[in-house]
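Chain by chain, the residues:
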Amino acid sequence: MNNKLDRLQDIKIENFIWVIYIGIIILSWTANSKEKKFILYNDEKSRKEYQQLMVLIFTILLIIYYYFTKSSYSDCKELTTFDSEKKKILTYASYIGSLLILISGIIFLGIAITDDKIDTEIAFN
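Below you will find a few notes about this structure. (Residues numbered from 1 in each chain as written. Predicted model: local features only at pLDDT ≥ 70, side-chain atom pairs only at ≥ 80, totals over all residues. Heavy atoms only, no water.)

### Thoughts on the packing of aromatic side chains
Aromatic ring pairs: the centre-centre distance and the angle between the two ring planes describe each pair. Cut-off, in case you're wondering: Centres within 6.5 Å make a pair out of two Phe, Tyr or Trp rings, where for Trp the six-membered ring is used; the pair is then stacked when the planes are under 30 degrees apart, edge-to-face when over 60, and tilted otherwise. A run of H or I in DSSP counts as a helix once it spans at least four residues, and a run of E counts as a strand once it spans at least two, with each numbered from the N terminus. For every residue, the accessible area obtained with a 1.4 Å probe (protein chains only) is divided by the maximum for its type, and the residue is called buried under 20%, exposed over 50%, and partly exposed between those limits.
For the structure shown, the criterion picks out 4 aromatic pairs. Ring centres 5.6 Å apart and planes at 55° place the aromatic pair Trp-18 and Tyr-21 in the tilted group. Taken together, the residues Trp-18 and Tyr-21, both in helix α1 (residues 2-41) and 3 residues apart, mark about one turn of the helix. Look at Trp-18 and you get exposed, because its relative accessible area is 55%. For Tyr-21, a relative accessible area of 18% translates into the label buried. When the ring of Tyr-67 is compared with that of Phe-68, the centres are 5.2 Å apart and the planes differ by 70°; the resulting orientation is edge-to-face. Given the relative accessible area of 28%, Phe-68 is considered partly exposed.

Here it is in structure tokens:
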């Protein structure tokens, strides 16, 4: 029973994260319009706003990616010798995937912070 309650709590948190993703999509759309304005009119203010939005977006994403990586790691630690090999493989695969996404988030945030000429196209997936 406790496992069901834990899973329901996870779903509640994931639903909240989906709302955050909707906000990120809106921020990304706004960032694209700033980037477009910079490209078309060489508007320095738009470039700065674009970069600030990208840093904000990838900071939020990094927090989300960290949450999922930590959750996947906890799932790995909770595995027992009685769990099936399939469950073990899938749990470890989920952790590795989450960790790689976290690493990509760190890289993208680094690009967003350092690319002050916005020469590099970055996007979250």
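There's plenty left to go through after this.
### Re the nonpolar core
For clarity, the cut-off: As used in this record, nonpolar core signifies buried Ala, Val, Leu, Ile, Met, Phe, Trp, Tyr and Cys residues forming a set joined through side-chain atoms within 4.5 Å.
Counting residues in each nonpolar core, the largest one holds 19 residues, and the members touching the most others are Tyr-21, Ile-24, Met-54, Ile-57, Phe-58 and Leu-61. Among the elements of the structure, α1, α2 (44-77) and α3 (85-114) are those that each provide at least two residues to this core.

### Describing the pattern of salt bridges
For the record, the criterion: The salt bridge definition used is simple: a Lys or Arg side-chain nitrogen within 4 Å of an Asp or Glu carboxyl oxygen.
Here the structure, examined in full by the defined rule, presents 7 salt bridges. Between Glu-49 and Lys-45 there is a salt bridge, with its nearest N and O atoms 3.9 Å apart. With Glu-49 and Lys-45 both in helix α2 and 4 residues apart, the pair spans about one turn of that helix. Judged by relative accessible area, Glu-49 falls into the partly exposed class, the value being 22%. When its relative accessible area of 57% is taken as the criterion, Lys-45 is described as exposed. Here Glu-85 ties to Lys-88 by a salt bridge, and the two come within 3.6 Å at their closest N and O atoms. Placement of both Glu-85 and Lys-88 in helix α3 is noted, with a separation of 3 residues, approximately one turn of the helix. Residue Glu-85 is classed as exposed on the basis of its relative accessible area, which comes to 52%. The buried category is assigned to Lys-88, whose relative accessible area is 18%.

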